[in-house]
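Residue strings, one per chain:
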Amino acid sequence: MRINRTVAAAGVLALAGALLAAGPAEAAGGAPKGDGAKAICKRLPKTQERIDKALNRLHGDATESGSIARLEQRVDNAHKAGHAEIEKYLNDRLTVRRGLVPTLEARKADLKAVADWCAKSAPAAAK
């Protein structure tokens, strides 16, 4: 029993030491120094591609996995089968999925403005 207490005490001390050592390191980081424009411009093509892919999937037909039409079909099937709980669950998912479309379209428009800014300002070339 004495060995278990010793091991437990050593573990607690090691954990406390790790937490104390991590504390000042996190505080030293402080606030960001810039707005991250260089990184945003660098990732811009992949971000635009990802948003376009998500919008295409959401607007797909009932054969497209992840589309609104496919989820609507599943809701209809649950309604016809009389599965009220499943229908409610799927309807809630459908509401969220429909809400994604305007959000993604707004992001797409915002990224177009960012792409124009990146083309003019070229922060990737600056240090």
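Residue positions within a chain follow its written sequence, with the count starting from 1. For a predicted model such as this one, the threshold for reporting local features is a pLDDT of at least 70, and the threshold for listing and counting side-chain atom pairs is 80 or more; totals across whole chains, interfaces and linings nevertheless cover every residue. Water and hydrogen atoms were dropped before computing side-chain values, which therefore reflect all heavy atoms in the structure.

S.K.: Just checking my understanding: could you explain the side chain of R97 for this structure?
M.R.: Counting through the fold element by element, R97 comes out in helix α4 (residues 84-121). Burial status follows relative accessibility: with a 1.4 Å probe on protein chains alone, a residue under 20% of its type maximum counts as buried, one over 50% as exposed, and anything between as partly exposed. Here the positive residues are Lys and Arg and the negative ones are Asp and Glu; neither His nor the chain ends is included. The term salt bridge refers to a pairing of a side-chain nitrogen on Lys or Arg with a carboxyl oxygen on Asp or Glu at a separation within 4 Å. We note that R97 is buried and unpaired, the nearest opposite charge coming from E64 at a distance of 9.9 Å. By the criterion applied in these results, polar contacts are pairs of N or O atoms within 3.5 Å in which, for protein atoms, one can donate a hydrogen and the other can accept it, and in which residues neighboring in sequence qualify only through two side-chain atoms. Separated by 3.4 Å, the side chain of R97 and the backbone oxygen of G66 make a polar contact. Should any heavy atoms of two residues lie within 4.5 Å, those residues are counted as being in contact. Among residues more than four places away in sequence, those in contact with R97 are L58, G66, S67, I68 and L71. In this description a helix means any DSSP run of H or I spanning at least four residues, a strand means any run of E spanning at least two, and both kinds are numbered starting from the N terminus.

S.K.: Explain the side chain of E87 to me, please; I cannot follow it from the model alone.
M.R.: Its location among the elements puts E87 in helix α4. One buried charged residue, E87, remains without a salt bridge, the closest side chain of opposite sign being K88 at 11 Å. Residues contacting E87, with those up to four places away along its chain left out, are V75, A78 and H79.

S.K.: For this particular structure, what's the right way to read the confidence of the model for the protein chain?
M.R.: The predicted coordinates ought not to be read in detail in places where the model reports low pLDDT. Per-residue confidence for the protein chain averages 83 on the pLDDT scale, and 72% of its residues sit at or above 70. Averaged pLDDT values for the elements of the protein chain fall to 54 in helix α1 (residues 2-29) and rise to 97 in helix α3 (residues 68-81). Per residue, pLDDT captures the predictor's confidence, and it can take any value from 0 to 100.

S.K.: Would you mind showing me how to read the pattern of salt bridges here?
M.R.: Side chains that differ in sign of charge can pair as their charged atoms come close. Scanning the model with the defined rule gives four salt bridges in all. The residue D116 makes a salt bridge to K112 at a minimum N-O spacing of 3.9 Å. With D116 and K112 both in helix α4 and four residues apart, this pair spans about one turn of that helix. For K112, a relative accessible area of 52% translates into the label exposed.

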